[in-house]
Amino acid sequence: GDNEVRERLAVLYADHYGRLDLAVAELEQMIQQPNQPAKLVVHWLNVLADLQVRGGAELEDIRETLHRIVDRDPKAAAAE
């Protein structure tokens, strides 16, 4: 679906073009969409954290993303 394409686009921005900013913007738009299943939002937050780590983001930004995962779904975060 549309979200899968957008997720791939975000990964492409980050990994291929070195544009973590565009990747973050794309994922944030998806994360902020109303009525998304929590599981999907947690998945996107995990993707975001991965891209931040690979893209050399500030530790504080990465930590913030991980906190958002824990806040949304403590069990999923523990399992990661």
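Okay, so let's go over this structure. Residue positions are given per chain, counted from 1 along the sequence in the order it is written. Under the rules for a predicted model, residues below a pLDDT of 70 receive no local features and side-chain atom pairs below 80 are neither given nor counted, while totals for whole chains, interfaces and linings still include all residues. The side-chain numbers reported here are obtained from all heavy atoms of the structure, hydrogens and water having been left aside.

All right, on to the overall build of the chain then. Looking only at helices and strands, one finds 5 helices and 0 strands in the chain. Secondary structure elements are defined from DSSP: runs of H or I of at least 4 residues count as helices, runs of E of at least 2 residues count as strands, and each element is numbered from the N terminus. In sequence order, the secondary structure elements of the chain are arranged as α-α-α-α-α. When we talk radius of gyration, it's over C-alpha atoms, and the globule rule is simply 2.2 Å times the number of residues to the 0.38. At 12 Å, the chain has a C-alpha radius of gyration in line with the 12 Å of a compact globule built from 80 residues. Looking at the chain residue by residue over its 80 residues, the buried ones come to 32%. Should any heavy atoms of two residues lie within 4.5 Å, those residues are counted as being in contact. Across the chain, every contact between residues at least 6 apart in sequence was considered, and the portion connecting residues at least 24 apart equals 47%. Note on classification: 1.4 Å probe, protein chains only; a residue is buried when its accessible area is under 20% of the maximum for its type, exposed when over 50%, partly exposed between these limits.

A carboxyl oxygen of Asp or Glu within 4 Å of a side-chain nitrogen of Lys or Arg is what we treat as a salt bridge. Scanning the model with the defined rule gives 5 salt bridges in all. In this structure, Arg 68 engages Glu 28 in a salt bridge whose closest nitrogen and oxygen atoms are separated by 2.7 Å. Here the residue Arg 68 occupies a position in helix H4 (residues 59-72), and Glu 28 occupies one in helix H2 (residues 20-32), the gap between them amounting to 40 residues. Taking the shortest distance from any N to any O, the salt bridge between Arg 63 and Glu 60 comes out at 3.1 Å. Within this pair, Arg 63 and its partner Glu 60 are both found in helix H4, separated by 3 residues, close to a single helical turn.

What follows is about the packing of helix H1 (residues 2-15) against H2. To get an axis, fit a line to the C-alpha atoms, keeping to the stretch in contact for a helix; angles then go from 0 to 180 degrees between the N-to-C directions. At a minimum axis separation of 7 Å, H1 and H2 run at an interaxial angle of 160 degrees. One finds that H1 runs roughly antiparallel with respect to H2. The chirality of how H1 crosses H2 is left-handed. Side by side, H1 and H2 meet where Asn 3, Arg 6, Glu 7, Leu 9, Ala 10, Tyr 13 and Ala 14 of the first sit next to Leu 20, Leu 22, Ala 23, Glu 26, Leu 27, Gln 29 and Met 30 of the second. Just so you know how the angles are binned, under 35 degrees is roughly parallel, over 145 roughly antiparallel, 65 to 115 roughly perpendicular, and the rest oblique. Crossing handedness is read from the near helix: turned anticlockwise from the far helix by less than a right angle, it gives a left-handed crossing, and turned clockwise, a right-handed one.

What follows deals with unusual backbone geometry. Its identity as a non-glycine residue notwithstanding, Asn 35 has a phi of 60 degrees, on the positive side. You can see Asn 35 is positioned in the loop between H2 and helix H3 (38-54). A relative accessible area of 80% places Asn 35 in the exposed class.

Take H2 next. For H2, with 13 residues, the first-to-last C-alpha span of 18 Å sits near the 18 Å given by 1.5 Å per residue. Turning to H2, its buried residues are Leu 20, Ala 23, Glu 26, Leu 27, Met 30 and Ile 31. Relative to the axis of H2, the buried residues are bounded by an arc of 135 degrees and lie together on one face. The secondary structure elements touched by the buried residues of H2 are H1, H3 and H4. Take the number of residues in a helix, subtract one, and multiply by 1.5 Å to get its expected span. For this quantity, the arc is that covered by the directions from the helix axis to the C-beta atoms.

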